[in-house]
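Structure assessment
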Amino acid sequence: MHLGTRLLQLGPPRRLPTADGLQRMPRVARPILPLTGTTDFVELDIRSEAPFAGW
């Protein structure tokens, strides 16, 4: 995936318990997610990072 001027290679998704996932979300989003039924969270490790010059 590219993020700004960086190209990131991500590892496989790792499931997080709901409480951990909510805690890692920005404070503004935390109270909204349970209202939308969001209970599943994953974490993606960054395996490598390189410059991204564009398309």
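Look up a bit, the structure's there.
Since the structure is predicted, the reported quantities are computational estimates derived from the model, not experimental observations.

Another point: the overall build of the protein. The helix and strand tally for the protein stands at two helices and three strands. Starting at the N terminus, the α and β elements of the protein follow one another as β-β-α-α-β. What you see for the protein is a C-alpha radius of gyration of 14 Å, clearly larger than the 10 Å of a compact globule of 55 residues, by over 25%. Oriented by its inertia axes, the alpha-carbon framework of the protein measures out at about 40 × 20 × 15 Å. Burial statistics for the protein: of 55 residues in total, 16% are counted as buried. Partitioning the intrachain contacts of the protein with sequence separation of at least 6 by distance along the chain shows that 74% fall at a separation of at least 24. Summed over its atoms, the accessible surface of the protein is roughly 4,600 Å², and 61% of this surface lies on carbon and sulfur atoms. Distance between charge centres in the protein, computed from 7 positive and 5 negative side chains, equals 3 Å.

We now examine the sheet that holds strand E2 (residues 6–16). As summarised here, the arrangement of the three strands in space is E1-E2-E3, forming an open sheet in which the pairing is antiparallel. Since the sheet does not close on itself, it has two edges, and those belong to strand E1 (2–3) and strand E3 (41–51), each with one partner. One ladder, built from two bridges, connects E1 with E2; its direction is antiparallel. Looking at E2, one finds that His2 is bridged to Leu7.

Moving on: the pattern of salt bridges. As enumerated under the stated definition, the model contains five salt bridges in all. Residues Arg15 and Asp40 are paired through a salt bridge, measuring 3.2 Å at the closest nitrogen-oxygen approach. Taken together, the positions of Arg15 in strand E2 and Asp40 in the loop between helix H2 (32–35) and E3 put the pair 25 residues apart, joining distant regions of the chain. Take Arg15 and Asp40: they sit in the same class, and that class is exposed. Three or more residues are tied together by salt bridges with common partners; here these are Arg14, Arg24, Glu43 and Asp45.

Basis of the calculations
One numbering rule holds for all chains: residues counted from 1, following each sequence as written. Given that the model is predicted, a residue must reach a pLDDT of at least 70 before its local features are reported, and side-chain atom pairs must reach 80 or more before they are shown or counted; all residues, however, enter totals for whole chains, interfaces and linings. As a rule here, side-chain values come from all non-hydrogen atoms in the structure, and water together with hydrogens is ignored. Numbering of helices and strands runs from the N terminus; a helix is a DSSP stretch of H or I covering at least four residues, while a strand is a stretch of E covering at least two. Two things to know: the radius of gyration comes from C-alpha atoms, and the globule rule equals 2.2 Å times the number of residues to the power 0.38. The buried label goes to any residue with under 20% of its type's maximum accessible area, the exposed label to any with over 50%, and the partly exposed label to all in between, with areas taken from a 1.4 Å probe on protein chains only. Note on contacts: a residue pair is in contact if any heavy atoms of the two residues lie within 4.5 Å. In short, Shrake-Rupley with a 1.4 Å probe defines the accessible areas, and a residue's cover is counted only from the protein chains shown. In this charge count, Lys and Arg are treated as positive and Asp and Glu as negative; neither His nor the chain ends contribute. The atoms used to mark charge sites are NZ of Lys, CZ of Arg, CG of Asp and CD of Glu. Strands are labelled as partners when DSSP assigns at least two bridges between them. Take a side-chain nitrogen of Lys or Arg and a carboxyl oxygen of Asp or Glu: if they are within 4 Å of each other, that pair is a salt bridge.

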